[in-house]
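# Remarks on the overall topology
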Amino acid sequence: MTPAPDQTRRKLSLGAWHALPVIVFLLLGFVAPLLAVIGYSVMPERTFSIWQAPTAENYVTVFTGTSYISFLWSLGLAALTVFFLALICYPIALGLARVFGRWSSALTLVFTIPLFVSENVRMYGWILFLIKNGVLLGTLKSLFGIEMDSWLFTRGVIVFGMVYVYLPFMLFPMTLGVSMVPRETRDAAFDLGATRWQVFREIDLPLSMPGVVIGFLLSFVLAVGAIAEFKVLGGQQVIPITHDIEIAFTYSQNWPLGAALSVLLMLVVGTLVLVVLRRFDLDAILGRR
Amino acid sequence: MTEAIPILQLRGITRTFGTLVAVDRIDLDLAEGEFFTIVGPSGSGKTTMLRMLAGMETPSAGDILLRGRRINDVPANRRPTCMVFQSLALFPHRTVGENIEFALKIRGVEPVKRRERAMQLMRQLRLPEDYYGKNVTRCSGGERQRVALARALAYDPEILFFDEPLSAIDYKLRKTLEKELKDIHRETGKTFVYITHSLEEAMVMSDRIGVMRRGRLVQVGTPSEIYTAPKTRFVAEFMGDVNVLPVRAGKAGRVHSDIFGTEFTAPPIADGFTAGHLVIRPEFIRFIGGDGKAENTVAGKLYNEYALGSRIQYQVRVGDHVFIVEKLRQQAFSGRLDDDVRIGWDAQDSMLVGE
């Protein structure tokens, strides 16, 4: 019986050996850059060496400056995007699940086809569509004589762009969540006297929550990191935090400030994600499945 | 059966899906308080039938009357009936208590009274009281079964429907739950309509059984009627292993078997009978020793034997035809495999049935 622990150790080390390439890859590709960013965030401003005495001055600059406005725009518009995405995607997900049953999640993949085209190209496509005398306004003008101001370069169009770009990231997990609700469970609630609305509130909504929450998180995190929609469609009407970070790293050559902003953004988003995940215990919602 | 209006009447109920006729012109009256079981193989239309009775499916033709009132178009949530599903369909995000109380919550019963009723039902169904707050997904198979039944009873339905809820449960527990279900039926006095593909299960619990085949109700009767007087070969075979011989009308009240090229003595033959099947249950066939006699006998070889617990089953080959014979273990046949044997039965122990 004595060889048993030895065997386990050998097995474990074999597993560790197999995991080693991935571990090295993650250390170099994920942990090291993250540490570098954190490291730079406590270096004196406008310096490029990471081997100096740490200082909190970048954080002081951020908190005393106006970056919080960019933070609020990024978070606020991302939240608005998630809100509209939920309004648009849930009915679509319900419809897909009802009509196509278990094929619905596969079908949702069709919605991801636009992702194969570069986001910037798609953004410029929308510009051609929405610009004065473009596809939409030009057609309205020449066919119906209606003249309207272009919708481009407004805050609304930024949200529109983000809703458009991040739709698949909300729809896919949501459809998955909705199609996981068994038909018999809904039938049972209906049979026990619940109205259609009560079935939706008591059964459909809570049981599809895992998909909904994942969709919320995925699209929110992506929308907070959005920059192209603000620049291309929004025409710099609003400055998102991503833009501040980009400026700090490029034009102003102030890596430490950019790093400090990045760290703060990661903290805010990370905290939000953790709070939401804790609030919705996905395993508990899913039961044993 | 009482003289009162039947609680549920089916009048020519039909349900088609495209060209498929799932349920075909079914007429049936259910008496108040009876335990009625619909038995049939999978695909016989029994689940579709039950879903129509529960209001989850609309009949293509025919009427469903509840106490004389037509309820075809009343949706499931406004029918005084409740279904226990094959998958049980418990609410996985709710506790045992919340599952049981669901119907009461929907009705707006106040929490204290809901809890009281849930506790009462849990006691009746032998669920421990501390299960009230337990997540329903953490319960065992038998416990979940009881929660599903309690949840249906909390609705206080006039009729309870069961869609093979015991099919996924292991044999021993299933036997226990079958008996418990019959006890609950007795205690509540409600009308139970149960569907299953197991006639054995139906026999244990039911007051009456309806055998379904290809959307039609081929025979309705008490368990003993179904067992002793099956109307068709299908019903006879559905009961378990039986011997079936195709026969046609022969001379002087006898039947002719083309397989054996001989005539057998049969029970009284109905007028107009031309061809059908002679059914003999394996326990009614006996081995004929030296001076033994039977009204019908055939000679064959003992091919194999199988122990079935309290009984032993023998296969006797007569030409290409296989007879099955069953004896109690105490009365086991002493012959060896491949011995030449004679077997026989009396006319009164055989049945003449249609296809």
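Analysis parameters
Residues numbered from 1 in each chain as written. Chains lettered and ligands numbered in written order. Predicted model: local features only at pLDDT ≥ 70, side-chain atom pairs only at ≥ 80, totals over all residues. Domains from an automatic or database assignment. Helix = DSSP H or I, 4+ residues; strand = E, 2+ residues; numbered from the N terminus. Buried ≥ 20, exposed ≤ 12 C-beta atoms within 10 Å, placed from the backbone. Arc of directions from axis to C-beta. Contact = placed C-beta atoms within 7 Å. Core = buried A, V, L, I, M, F, W, Y, C linked by C-beta atoms within 7 Å. Axes fitted to C-alpha atoms, helices over the stretch in contact; angles between N-to-C directions. Parallel < 35°, antiparallel > 145°, perpendicular 65-115°, else oblique. Left-handed = near helix turned anticlockwise from the far one by under 90°. Nonpolar A, V, L, I, M, F, W, Y, C, P; charged D, E, K, R; others polar. Pairing = 2+ DSSP bridges.

## A few points about the domain arrangement of chain A
Its domain assignment divides chain A into domain 1 (1–32) and domain 2 (67–286). Inter-centroid distance (C-alpha atoms) of domain 1 of chain A to domain 2 of chain A is 39 Å.

## Observations regarding unusual backbone geometry
In most cases, non-glycine residues show a negative phi, while peptide bonds are predominantly trans. In this model, A:Q253 sits at a positive phi of 50°, which is unusual for a non-glycine residue. Considering the arrangement of structural elements, one finds A:Q253 in the loop between helix 11 (241–249) and helix 12 (255–279). Phi angles above zero are rare outside glycine, and B:E164 is one such case at about 45°. When you line up the elements, B:E164 lands in the loop between strand 7 (159–163) and helix 5 (171–188). With 20 C-beta atoms counted inside 10 Å, the residue B:E164 sits in the buried group.

## Structural notes on helix 11 of chain A
Think of an α-helix as turning once every 3.6 residues; residues three or four places apart then point the same way. Residues and elements named next belong to chain A. Residues of helix 11 that are buried: I241, T242, D244, I245 and A248. Take helix 11 and look down its axis: the buried residues cluster within an arc of 160°, on one side only. Where the residues of helix 11 are buried, they touch helix 3 (67–100) and helix 12.

## So, the nonpolar core
In globular proteins that are soluble, nonpolar side chains generally tend to be buried together. Ranked by size, the top nonpolar core spans 132 residues in total, and within it A:M162, A:Y166, B:V84, B:A154, B:F161 and B:V193 carry the most contacts. If one sorts the elements of this core by residue count, helix 7 (residues 155–179) of chain A sits on top with 14 residues. Discounting chain neighbours no more than four positions away, the residues touching B:A154 are B:I100, B:E101, B:A103, B:L104, B:R117, B:A118 and B:L121. Counting residues in each nonpolar core, the second largest holds 12 residues, with A:M43, A:I245, A:A260 and A:L261 among its members.

## Examining the packing of helix 3 of chain A against helix 7 of chain A
Residues and elements named next belong to chain A. One way to put it is that helix 3 packs onto helix 7 with a least axis distance of 7 Å and a crossing angle of 45°. By the criterion of interaxial angle, the relationship of helix 3 to helix 7 is oblique. Crossing angle aside, the handedness with which helix 3 passes helix 7 is right-handed. For the pair helix 3 and helix 7, contact is made by L77, L80, T81, F84, L85, C89, Y90, I92, A93, L94, L96 and A97 and by I158, V159, M162, V163, Y166, L167, M170, L171, M174, T175, V178 and S179, respectively. Tallied by class, the residues present in the contact of helix 3 with helix 7 amount to 21 nonpolar, three polar and no charged.

## Quick notes on the sheet that holds strand 20 (residues 350–353) of chain B
Residues and elements named next belong to chain B. Taking strand neighbours across the sheet as the criterion, the five strands line up as 13-12-11-14-20 in an open arrangement whose pairing is antiparallel. Pairing within the sheet leaves two strands with one partner each, and these edge strands are strand 13 (262–265) and strand 20. Strand-to-strand twist of the sheet, defined as the mean angle between neighbouring strand axes without regard to direction, takes the value 40°. The pairing of strand 14 (residues 275–280) with strand 20 spans four bridges and is antiparallel. Pairing of I280 across the sheet is with S350, part of strand 20.

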